[in-house]
Every structure is written in C-alpha cells, then in structure tokens.
Amino acid sequence: QVQLVESGGGLVQAGGSLRLSCAASGRRFSDYLMGWFRQAPGKEREFVAAISWSGGRYYVDSVKGRFTISRDNAKNTVYLQMNSLKPEDTAVYSCAANRKGVATMRRFVEYDYWGQGTQVTVSS
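Quick look at the overall build of the protein chain
Turning to step 1, where the next piece is worked out: In terms of helices and strands, the protein chain carries zero helices and eleven strands.
Turning to step 2, where the next piece is worked out: Relative to its length of 124 residues, the protein chain is compact, with a C-alpha radius of gyration of 13 Å against a globular reference of 14 Å.
Turning to step 3, where the next piece is worked out: Each principal axis of the C-alpha atoms in the protein chain carries an extent, and together these give about 40 × 25 × 25 Å.
Turning to step 4, where the next piece is worked out: The proportion of buried residues among the 124 residues of the protein chain is 46%.
Turning to step 5, where the next piece is worked out: Taking the contacts inside the protein chain whose residues are at least 6 apart along the sequence as the reference set, 57% of them involve residues at least 24 apart.

Encoded structure:
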C-alpha cells in the first residue's frame, strides 16, 4: 500500500510558476514509476509527466520545455515544477504510482495508487 499526498497548487497569473509536491508513504517509493495527471472541468483525465525509478522523464507535448518532473527517493517525494503557465493548464493535478513501467505510463488505469489532487488555476 502506498499513500500519496499532493501539495503546492494554487492561483497564479499566466506566465507564472508553481511547484507541486507529492509525498509518498508506505511501500518502497523507489520501486514505482511516478506520474502526474490533470483533469479540467468537462475534460478527460490527461497524462502530464512521468518519471521512472531510474530517473527517465517523459512529458505530454503540451508541457515540454515548461514543466519538469523530478523525484527524491530519499525523501519519498516527486515534484512537478511548472513554469510559463497558461490558462489551459488550469486543472486538478494528481500524482500516481505505477509498478508496471514506462510502457503503461500514459494510461491512468494502469496506476495502482493515487493522491487526492491539488487545484491549479492560471488566470489570464
């Protein structure tokens, strides 16, 4: 069992930055690929980024060059640094843990554990 708790969401103007954190407790954090997903009102949940246990990083095209995912296995924490935010980035952001690996990282149904989500609102 893994428990995930996100923090760091909030309201920011377009062009601004936010850093999301996801703290994990329970089973070995380093065994899991960690992902960030987002869901805007009326839209499907969308893959944003993932980082493997070895540090490989993957992003959806719309955030490449603006978002950076990282992890600190000693602190059992994964981060999402979001720069140059746009109004279309507004959503609830959730972190999730996946033991199946990079082949499944874009499909939310493949993730085993989820956090409660944190709201990110970008004003224009």
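So, the sheet that holds strand β1 (residues 2–7)
Turning to step 1, where the next piece is worked out: Pairing in this open sheet of four strands is antiparallel, and the strands run β1-β3-β8-β7 from one edge to the other. The sheet is open, and its two borders are formed by β1 and β7 (67–72), each paired with just one other strand. Taken over all neighbouring pairs, the strand axes of this sheet differ in orientation by 15° on average, direction set aside.
Turning to step 2, where the next piece is worked out: The pairing of strand β3 (residues 18–26) with strand β8 (residues 77–82) spans six bridges and is antiparallel.

Let's talk about the packing of aromatic side chains
Turning to step 1, where the next piece is worked out: The final tally for this structure, using the stated rule, is five aromatic pairs.
Turning to step 2, where the next piece is worked out: Measuring from ring centre to ring centre gives 5.7 Å for Phe-37 and Phe-47, while their planes differ by 75°; the resulting arrangement is edge-to-face. Here Phe-37 is found in strand β4 (residues 33–39), whereas its partner Phe-47 is found in strand β5 (residues 46–51), with ten residues between them in sequence.
Turning to step 3, where the next piece is worked out: Note on Tyr-111 and Trp-114: the rings are 5.9 Å apart at their centroids and 55° apart in plane angle, and the pair reads as tilted.
Turning to step 4, where the next piece is worked out: Aromatic rings pair up to connect Phe-37, Phe-47, Tyr-111 and Trp-114 into one cluster.
Turning to step 5, where the next piece is worked out: Cation over ring: Arg-19 sits above Tyr-79, and NZ or CZ is 4.0 Å from the ring centre.
Turning to step 6, where the next piece is worked out: The ring of Trp-114 has Arg-45 sitting right over it, with the charged end atom 4.6 Å from the ring centre.

What to know about the state of the cysteines
The term disulfide refers to a covalent linkage connecting the sulfur atoms of a pair of cysteines.
Turning to step 1, where the next piece is worked out: On inspection of all chains with the given rule, the structure shows one disulfide.
Turning to step 2, where the next piece is worked out: With a sulfur-sulfur separation of 1.9 Å, Cys-22 is cross-linked through a disulfide to Cys-95. Between Cys-22 and Cys-95, the S-S dihedral sits near 55°, and the bridge is therefore right-handed. One end of the pair, Cys-22, is in strand β3; the other, Cys-95, is in strand β9 (residues 91–98), and 73 residues separate them in sequence.

Brief notes about the layout of surface pockets
Turning to step 1, where the next piece is worked out: Quantified by volume, the largest pocket comes out at close to 170 Å³.
Turning to step 2, where the next piece is worked out: Surrounding the largest pocket, 13 residues form its lining, Arg-38, Lys-43, Glu-46, Glu-88 and Asp-89 being those nearest its centre.
Turning to step 3, where the next piece is worked out: Within the lining of the largest pocket, the residues separate by chemical class into two nonpolar, three polar and eight charged.

A look at the pattern of salt bridges
Turning to step 1, where the next piece is worked out: Enumeration according to the criterion identifies eight salt bridges in this entry.
Turning to step 2, where the next piece is worked out: Note that Asp-89 is salt-bridged to Arg-38, the shortest N-O span being 2.9 Å. Of the two residues, Asp-89 sits in the loop between β8 and β9 while Arg-38 sits in strand β4, which places them 51 residues apart along the sequence. The two residues Asp-89 and Arg-38 agree in class, both being buried.

The rules behind these values
- Counting restarts for each chain: residues are numbered from 1 in the order of the written sequence.
- Residues qualify for local features only when their pLDDT is at least 70, as the model is predicted, and side-chain atom pairs are given and counted only at 80 or more; totals for whole chains, interfaces and linings, by contrast, use all residues.
- Water and hydrogen atoms play no part in the side-chain values, which are based on all heavy atoms of the structure.
- Working definition: helices are DSSP H or I runs of at least four residues, strands are E runs of at least two. Numbering for both runs from the N terminus.
- Only C-alpha atoms enter the radius of gyration; for comparison, a globular chain is expected to reach 2.2 Å times N to the power 0.38, where N is the number of residues.
- Relative accessible area decides the class of each residue, using a 1.4 Å probe on protein chains only: under 20% of the type maximum gives buried, over 50% gives exposed, and in between gives partly exposed.
- Residue contacts are counted whenever heavy atoms from the two residues lie within 4.5 Å of one another.
- When DSSP locates at least two bridges between a pair of strands, those strands are taken to pair.
- In this description, a line fitted to the C-alpha atoms serves as the axis of each element, helices being fitted only across the stretch in contact, and the angle between N-to-C directions of two axes falls anywhere from 0 to 180 degrees.
- Pairing of aromatic rings covers Phe, Tyr and Trp, the last counted by its six-membered ring, and requires centre-to-centre distances within 6.5 Å; plane angles under 30 degrees mean stacked, over 60 mean edge-to-face, and any other angle means tilted.
- Only lysine NZ and arginine CZ atoms are considered, and such an atom sits over a ring when it is within 6 Å of the ring centre and within 35 degrees of the ring normal.
- Cysteine sulfur atoms that pair up within 2.5 Å are treated as a disulfide.
- Residues are said to line a cavity or pocket when one of their atoms sits within 4 Å of a point; the points come from a 1 Å grid over protein atoms alone, cavities being sets where a 1.4 Å probe fits but cannot get out and pockets being open sets with protein on both sides within 12 Å along at least five of seven lines.
- Grid points are joined across faces, edges and corners, and a volume is the space filled by probe spheres set on the points.
- Throughout this entry, Asp, Glu, Lys and Arg are counted as charged residues, while Ala, Val, Leu, Ile, Met, Phe, Trp, Tyr, Cys and Pro are counted as nonpolar. The remaining residues, Gly among them, count as polar.
- Think of a salt bridge as a Lys or Arg side-chain nitrogen and an Asp or Glu carboxyl oxygen that are within 4 Å of each other.

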